[in-house]
Amino acid sequence: MSKVKVGIVQTSCVADKQQNLDKAIVKVREAAAKGAQIVCLQELFTSLYFCDVEDYDNFKLAEAIPGPSTEAISAVAAELNVVVIASLFEKRAQGVYHNTTAVIDADGTYLGKYRKMHIPDDPGFYEKFYFTPGDLGYKTFNTKYAKIGVLICWDQWYPEAARITSLMGAEILFYPTAIGWASTQDEATNTEQYNAWQTIQRSHSVSNGVHVVSVNRVGEEAGLKFWGGSFVSNPFGSVLYQASHHDEEVTVHELDLDKSDYYRSHWPFLRDRRIETYQPITKRLIDED
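Residues numbered from 1 in each chain as written. Predicted model: local features only at pLDDT ≥ 70, side-chain atom pairs only at ≥ 80, totals over all residues. Heavy atoms only, no water.

Colleague: I'd like a description of the nonpolar core, backed by residues and values.
Modeller: Counting 35 residues, the largest nonpolar core has Ile38, Ile148, Ile172, Phe174 and Val213 as the members making the most contacts within it. Residue assignment for this core shows that the elements contributing at least two residues are strand 1 (3-10), strand 2 (38-40), strand 3 (83-93), strand 7 (147-150), helix 3 (159-167), strand 8 (172-176) and strand 10 (211-215). Per-element tally for this core: the top contributor is strand 8, with four residues. With residues up to four places along the chain from it excluded, the contact list for Val213 reads Val6, Ile8, Ile172, Leu173, Phe174, Tyr175, Phe231, Val232 and Leu255. (Core = buried A, V, L, I, M, F, W, Y, C linked by side-chain atoms within 4.5 Å. Buried < 20%, exposed > 50% of the residue type's maximum accessible area, 1.4 Å probe, protein only. Helix = DSSP H or I, 4+ residues; strand = E, 2+ residues; numbered from the N terminus. Contact = heavy atoms within 4.5 Å.)

Colleague: How would you explain the packing of aromatic side chains if you had to name every residue and give the values?
Modeller: Summed over the entire model, instances satisfying the criterion amount to 27 aromatic pairs. For the ring pair Trp197 and Trp227, a centre distance of 5.7 Å and an interplane angle of 70° mean the geometry is edge-to-face. Within this pair, whereas Trp197 is found in helix 4 (residues 187-208), its partner Trp227 is found in strand 12 (residues 224-227), the two being separated by 30 residues in sequence. Since its relative accessible area comes to 2%, Trp227 is described here as buried. Measuring from centroid to centroid gives 5.2 Å for Phe236 and Tyr263, while their planes differ by 5°, and the two rings are stacked. Remark: Tyr263 occurs in helix 5 (residues 258-266) and Phe236 occurs in the loop between strand 13 (231-233) and strand 14 (239-242); sequence separation between them is 27 residues. Note on Phe236: relative accessible area 28%, which makes it partly exposed. Grouping aromatic residues by their ring pairs yields a cluster made of Phe50, Tyr56, Phe59, Phe89, Tyr97, Phe129, Tyr130 and Phe131. Here the basic side chain of Arg217 rests over the ring of Phe226, its NZ or CZ set 5.4 Å away from the ring centre. (Phe/Tyr/Trp six-rings, centres within 6.5 Å; stacked < 30°, edge-to-face > 60°. Lys NZ or Arg CZ within 6 Å of the ring centre and 35° of its normal.)

Colleague: Tell me about the sheet that holds strand 11 (residues 218-221), and please be specific about residues and values.
Modeller: Across the sheet, which stays open at both edges, the three strands sit in the order 9-12-11 with antiparallel pairing between neighbours. For this open sheet the edge positions go to strand 9 (180-182) and strand 11, each flanked by a neighbour on one side alone. Between one strand and the next, the sheet's axes are offset by a mean angle of 20°, whatever the strand orientation. Note that strand 11 and strand 12 share four bridges and pair antiparallel. Counted as the bridge partner of Glu221 is Leu224 from strand 12. (Pairing = 2+ DSSP bridges. Axes fitted to C-alpha atoms, helices over the stretch in contact; angles between N-to-C directions.)

Colleague: With reference to specific residues and values, describe the pairing of strand 7.
Modeller: The pairing of strand 6 (residues 140-142) with strand 7 spans three bridges and is classified as antiparallel. Residue pairing for strand 7: Phe141 is matched across the bridge by Ile148. From the end of strand 6 to the start of strand 7, which pair antiparallel, there are four residues. Two strands pair when backbone bridges link them, and strand 7 and strand 8 are joined in this way by three bridges, in the parallel orientation. Along strand 8, the bridge assignment pairs Ile148 with Ile172.

Colleague: Just give me the short version of the packing of helix 3 against helix 4, but keep the residues and values in it.
Modeller: Contact geometry for helix 3 and helix 4: axes closest at 10 Å, N-to-C directions at 40°. It follows that helix 3 is oblique to helix 4 by the angle criterion. Along this stretch, helix 3 crosses helix 4, giving a crossing that reads as right-handed. Counted together, Pro159, Ala162, Arg163 and Ser166 of helix 3 and His204, Ser207 and Asn208 of helix 4 form the full contact between these two elements. Taken together, the residues of the contact of helix 3 with helix 4 sort by class into two nonpolar, four polar and one charged. (Parallel < 35°, antiparallel > 145°, perpendicular 65-115°, else oblique. Left-handed = near helix turned anticlockwise from the far one by under 90°. Nonpolar A, V, L, I, M, F, W, Y, C, P; charged D, E, K, R; others polar.)

Colleague: Requested: an account of a nonpolar patch on the surface, with residues and values cited.
Modeller: A cluster of nonpolar side chains, contributed by Ile275, Tyr278 and Ile281, occupies part of the molecular surface with about 310 Å² of accessible area. Within the element layout of this structure, Ile281 appears in the segment after helix 5. Judged by relative accessible area, Ile281 falls into the exposed class, the value being 56%. (Patch = residues over 30% accessible without salt bridge, like charges linked within 9 Å, V, L, I, M, F, W, Y side chains within 5 Å. Areas by Shrake-Rupley, 256 points an atom, 1.4 Å probe, with all protein chains shown as cover. Salt bridge = Lys/Arg side-chain N within 4 Å of Asp/Glu carboxyl O.)

Colleague: How would you explain the packing of helix 1 (residues 17-33) against helix 2 (residues 68-80) if you had to name every residue and give the values?
Modeller: Look at helix 1 against helix 2: their axes get within 11 Å of each other, and the N-to-C directions meet at 20°. What the angle tells us is that helix 1 and helix 2 run roughly parallel. Classified by chirality, the crossing of helix 2 by helix 1 is right-handed. Two secondary-structure elements touch here, helix 1 through Leu21, Ile25, Val28, Arg29 and Ala32 and helix 2 through Ser69, Ala72, Ile73, Val76, Glu79 and Leu80. Considering only residue class, the contact of helix 1 with helix 2 consists of eight nonpolar, one polar and two charged.

Colleague: Run through the sheet that holds strand 13, naming residues and quoting values.
Modeller: Two pairing modes exist for strands in a sheet, parallel and antiparallel, and in both the strands are linked by backbone hydrogen bonds. Spatial strand order, 6-7-8-10-13-14: six strands in an open sheet with mixed pairing. Edge strands, defined here as strands with exactly one partner in the open sheet, are strand 6 and strand 14. The sheet shows a mean angle of 20° between the axes of neighbouring strands, taken without regard to direction. One ladder, built from five bridges, connects strand 8 with strand 10; its direction is parallel. Across the sheet, the residue bridging to Ile172 is His211, located in strand 10.

If you want it as structure tokens, here you go:
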């Protein structure tokens, strides 16, 4: 399909897991009613962002994938004929957990999952305590409406992840996200951080010639103010839509996937890649002897 309508669900969350899941399903219905064919939910949408502390009790939030949440979402996806991108806390085995996104096709079929590859560990974002780094590699999913790539939050900062996923044929890159400002920060720092976050993702659009859809949460949780600002950029990095920093939003935007061919033809970055020179990228640093 050349044109695809994408739904963005930017919400706040509460402590009750079932309440968050129910809310997400309501929002998927709202997006579908507005014409969405693919709906992306934010990172870890069934809970508060629990990685602000290292607490063993939070492992109880995890579930199998496929599991209860994907089953509930699959039923809604099939009913509404929409693809749903659902970011969840996965319990793979006792003591092994992942930050994982499941992709449900428009007929309710579970297409598979992507496990977050890049795991941060910063004040307020203690993800290494909870998540084992992904071991499935980068992934694309052939949905009813488009071939999509899914990456997760901290993956946003790594051009290698976007490049590989695009080279695998992704027509749209989706980034479920949970990122915010410390409540003590000044406005200039807030602005600088948001601009860097959006700029790096827009650069993925430019260098790979694909649409990027980034979906963040809003609301205040334990000293963090999640900055919302979900957005869509076209294959040359132009911002087609940007959400509020404060409000919940459900919005639908039509993407013209033929634009990738246009921009890749006029700005042939993929054609001119010198892949035979890139071996040093596999080193941590290129140190002098």
